[in-house]
Amino acid sequence: PVDGEKMVFQAEVNQLLQLMIHSLYSNQEIFLRELISNSSDACDKLRFESIENASLLESDPELRVVVSVDEEAGTVTVSDNGIGMNRDEVIANIGTIAKSGTKQFLESLSGDQKADAKLIGQFGVGFYSAFVVADSVVLVTRKAGENGDTGVRWESDASGGYTLSAVDKPVRGTEITLKLKEESKEFLNDYRLRGVIKKYSDHITFPIMMLGEVPPAPEPEEGEEAVVEEPQVAQLEQVNDASALWTRPKSTIKDEEYQNFYKQVCNDYEDALIWSHNKVEGNQEYTSLLYVPKKAPFDLYDGNHQRNGIKLFVQRVFIMDEAEKLMPRYLRFVRGLVDSNDLPLNVSREILQDNKTIDAIRNASIKRVLGMLEKLADKQPEDYAGFWTEFGACLKEAPGEDFANKEQVAKLYRFDTTNNDKVGELTSLDDYIARMKVGQDKLYYITADSYQAAKNSPHLEIFRDKGIEVLLMHDRVDEWMMSYLNEYDSKSFVSIAKGDLDLGSIEGVEQESDEVKAEKEKKAVDIAPTIERIKAVLGDTTSDVRASTRLTSSPACIVMGQHDMALHMQQLLKQAGH
Ligand code: ADP
Ligand code: MG
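Just so it is clear, the structure is predicted and the values come from calculations on it, not from any experiment.

Describing the overall build of the protein chain
- Broken down by element type, the protein chain carries 19 helices and 19 strands.
- Across the 578 residues of the protein chain, 33% fall into the buried class.

Rendered as C-alpha cells:
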C-alpha cells in the first residue's frame, strides 16, 4: 500500500457528513455512544469468532473499551481490542456507506434541521458522528489474528476525502482519536465523559475503562527521609455497569433503565412505546426483552427494510443481529433481544432455519407481542391509536403469513366505518360486532383507493338505507389482506361490492312479500331490452350486466365477481413479484 494514499469519499458520505454535522449540533454527546457501540460490536464479533478460533484472542483475552482524554493535545480517544479491520475493510466500512436505502433516506430529508436530526437519529448516525465534535479524526486499526505490521491508519478532516497509510500496531483492535473542535472542548473533561458513558452506554456488556485519579504519593513517615519513589500512575477503572440488563430480575429494573437500554441497544432516538420482558424456565430456557417503538422507521414498508429485528444471544454472548427467524415479517417493527440457554454457541443462520428451539421461542414471542398490544389497546386506547397509525399496515400482512394467529391479530385491527362521520374515527371488529343488527351474521366491508371513494361508493346506498354498518377499507394492503381474512369470530366477511347480497335475514330489512317479488320480476322483464343493449355496448369488457336491488339512488355500479381478484390487488401482487 502507498503511504499517505489519498482517497475520496462516496458522494453519499459527503452529503451525510454535512447533514450530520449541521443537524446534530444540539446533540453532540451522542458521538461517544456511537463510537463505544462500534467498539462493543467489534468486541462481540471477536468473542464470537474466538469460539471457533481461540488463537484470535492472542495473549489478550479481556475484551474492553478504553476512553481517554489528552487535554494538551485537545483530543479524545476511544480504543478497543476487538476484531479490528484490515485495509480493505477500512475502505469498505469507513469510506463508504454500505447500508441499503441510504439514497432514499437522504431524499426523505426535509431540510428542516429539527426534523432531520430525528430522522438521522433513526437511520443510525454511526461512525461519522465523530465529525460533529471533531475537526479531524484518526483511526488506527489492526485485525485480530494478523501480524502487528499490518496496521492501517485512516485520517480525515471531513472535507471530501481521507488518507490511508500502513502502520505498525502491535495491539489488535481499533483506536479512534478525535481532535475536538473549539466549540466542543467540553468533552475534554473526564467527568463530562463519564457522565455521557453512564447515560448512554451503561449496559454495554464489555467494560468501558477510563483512567482514575492519580493516587497521592505516600507521606514519608516521621523521622524517615522522603524516599524518591516511582511516580504514581493512574489506573484504569471501569465506568459502566456492564451488567446485561435482561439478566436482572424484572422487579429491580426501573422504566428509565428499560428505556435507556432500548435507546442504546436498538439505536432509537426516542423512548419505546411498550416492552415485554420475560424469563422462561423449564423445557426451554431463555429470556426475551421485546420492544415496540413509537415511530416506524422511514423504510419499514419498502420491501428491503432490514435494519432492526431481534438480536440473538446465547448465554449472554451476542451471536447475531436481525435474527429474522425469531419474528415473522409482519412483526418486523419489534426490536429487542432473545438470550437462549439451549442453543449452541456456534449457531449459524442456517441452523436457525430449521430448529425446534427457535420455533418454540418464535411462537412464544409472537404471543407476547400480540398480548402486549392487546393490553395496550385495552388500557391505553390513545397510545394504541398512535401505534396503529405507525404499524397497522404491517399487522395487516399477518393473515397471509401467519395462519395460526390471524384471529388474534385481527382483534387488533382498526377500520374506518360508516358508523362514524370522519376519516380516522376507527372501530375494532369487536366493536363492530357489538353493534351488529339482530339477525346479522356477516361482517360487511368495502375496499377502495381512498376514504372518500369508499364513503361515497354507490354500493353503500342500500346499507345506509337499512342502517347496516359497513367497514370502509382504503389502505393499499386491505384488498390483499381480505383475500386471506375470510372470517372473524366465526362470522364471515362479505365485500358489499362483490357478487350477490342477501340482507333478508337482518331485522329491520323486510322480507320480500309476494307482491314485491312479482313487482321485481316484472321490472326485470321491463328492463331486459335495456340490459341487452348495455351488454352489446360493453362487449367483452364485462362478464355480465344485471338488474340489481342494491342501488337506491345511483343508476348503475360496477360489481366484482365473488371470486374476482380486485384490480388493486393484482397490481399489488405484480409489484411484489408474483
Ligand atoms: P454501523 O455500526 O451501524 O455498521 P457505523 O457507521 O457506526 O455503522 O460503522 C460502520 C462500520 O465500520 C461498522 O459496521 C464496522 O464494520 C466498522 N467499524 C466501525 N468502528 C469499528 C471498530 N471500533 N472496530 C471494528 N470495526 C469498526
Ligand atoms: Mg455503529
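Right, picking up where we left off after that structure.
Let's talk about the sheet that holds strand β17 (residues 471-473)
- Strands sit in the order β15-β17-β16-β19-β18 across an open sheet of five strands; the sheet is mixed. The open sheet has two edge strands, β15 (416-417) and β18 (487-488), and neither has a second partner.
- Pairing geometry for strand β16 (residues 442-447) and β17, over three bridges, is parallel. Looking at β17, one finds that I446 is bridged to L472.

Some words on the site of ligand 1
- Contacts to ligand 1 come from 16 residues, most closely from N38, A42, N93, G126 and F127.
- Take the shell around ligand 1: its biggest share by element is five residues, from helix α2 (residues 30-52).
- When its residues are assigned to classes, the shell around ligand 1 shows five nonpolar, eight polar and three charged.

Topic: the sheet that holds strand β10 (residues 272-280)
- The strand order β10-β11-β14-β12-β13 describes an open sheet built from five strands, whose pairing is mixed. Strands with a single pairing partner mark the edges of an open sheet, and in this sheet they are β10 and β13 (317-320). Neighbour-to-neighbour, the strand axes of this sheet turn through a mean angle of 20°, independent of strand direction.
- As paired elements, strand β11 (residues 286-293) and strand β14 (residues 335-340) share six bridges and run antiparallel to each other. Among the inter-strand pairings, Y286 is bridged to a residue of β14, identified as S340.

Describing the pairing of strand β2 (residues 65-70)
- Note that β2 and strand β3 (residues 75-80) share six bridges and pair antiparallel. Bridging across to β3, V66 finds its partner in S79.
- Here β2 folds back onto β3 in antiparallel fashion, the turn holding four residues, of which G74 has a positive phi close to 70°.
- Bridge analysis of β2 against strand β8 (residues 208-211) gives two bridges, and the strand direction is parallel. Counterpart to V65 in the pairing with β8 is I208.

Thoughts on the pairing of β11
- In terms of burial, β11 is largely enclosed, as eight of its eight residues are buried.
- Alignment of β10 against β11, held across eight bridges, turns out to be antiparallel. Within β11, the residue paired with W275 across the bridge is Y291.
- Count of turn residues in the β10/β11 antiparallel hairpin: five residues, of which G282 carries a positive phi of about 110°.

So, the nonpolar core
- Of all hydrophobic cores here, the largest spans 69 residues; its most connected members are I310, L326, V334, Y444, I446, V470 and L471.
- Considering every element that reaches this core, the biggest residue donor is helix α10 (residues 356-379), with six residues.
- When near neighbours in sequence (up to four residues on either side) are disregarded, I310 contacts A323, L326, M327, V334, G336, L337 and V338.
- Within the second largest apolar cluster, 51 residues are counted, among which are V13, C43, V152 and Y162.

Let's talk about unusual backbone geometry
- The phi angle at A158 is positive, at roughly 65°, despite the residue not being glycine.
- With respect to the element layout, A158 can be found in the loop between β5 (151-156) and β6 (161-167).
- Although it is not a glycine, D489 sits at a positive phi angle of roughly 55°.
- Position of D489 among the secondary structure elements: in the loop between β18 and β19 (491-495).

Observations regarding the packing of α2 against helix α7 (residues 190-201)
- It is the contact of α2 with α7, at a shortest axis distance of 9 Å, that shows an interaxial angle of 65°. The interaxial crossing formed by α2 with α7 has right-handed handedness. Of α7, the residues touching α2 (which contributes L32, R33 and I36) are L193, V196, I197, Y200 and S201.
- Here the contact of α2 with α7 is built from residues that sort into six nonpolar, one polar and one charged.

Here's the deal with the environment of Q259
- Note on placement: Q259 falls in helix α8 (residues 255-265).
- Distance from Q259 to E270, taken between C-alpha atoms, is 8.7 Å for residues 11 residues apart in sequence.
- Other than its neighbours up to four places away in sequence, Q259 contacts D271 and A272.

What about the environment of S59?
- Relative to the helices and strands, S59 is located in the loop between α2 and β2.
- When the 4 C-beta atoms within 10 Å are taken as the criterion, S59 is described as exposed.

Description of α10
- Taking 1.5 Å of rise per residue, 24 residues should cover 34 Å, and α10 covers 34 Å from first to last C-alpha, within 8% of that figure.
- Buried residues of α10: I358, I361, R362, S365, I366, V369, L373 and L376, and no others.
- The secondary structure elements touched by the buried residues of α10 are β10, β11, β14, α9 (349-353) and α11 (381-395).

Let's talk about α8
- Within the span of α8, buried status applies to Y258, F261, Y262, K263, Q264 and V265.
- Where α8 is buried, its residues touch α2, α7, β10, β11 and β14.
- Two residues or fewer after α8 comes N267, characterised by a positive phi angle close to 55°.

The rules behind the values
Residues numbered from 1 in each chain as written. Chains lettered and ligands numbered in written order. Predicted model: local features only at pLDDT ≥ 70, side-chain atom pairs only at ≥ 80, totals over all residues. Helix = DSSP H or I, 4+ residues; strand = E, 2+ residues; numbered from the N terminus. Buried ≥ 20, exposed ≤ 12 C-beta atoms within 10 Å, placed from the backbone. Pairing = 2+ DSSP bridges. Near = placed C-beta within 6 Å. Nonpolar A, V, L, I, M, F, W, Y, C, P; charged D, E, K, R; others polar. Axes fitted to C-alpha atoms, helices over the stretch in contact; angles between N-to-C directions. Core = buried A, V, L, I, M, F, W, Y, C linked by C-beta atoms within 7 Å. Contact = placed C-beta atoms within 7 Å. Left-handed = near helix turned anticlockwise from the far one by under 90°. Expected span 1.5 Å × (residues − 1).

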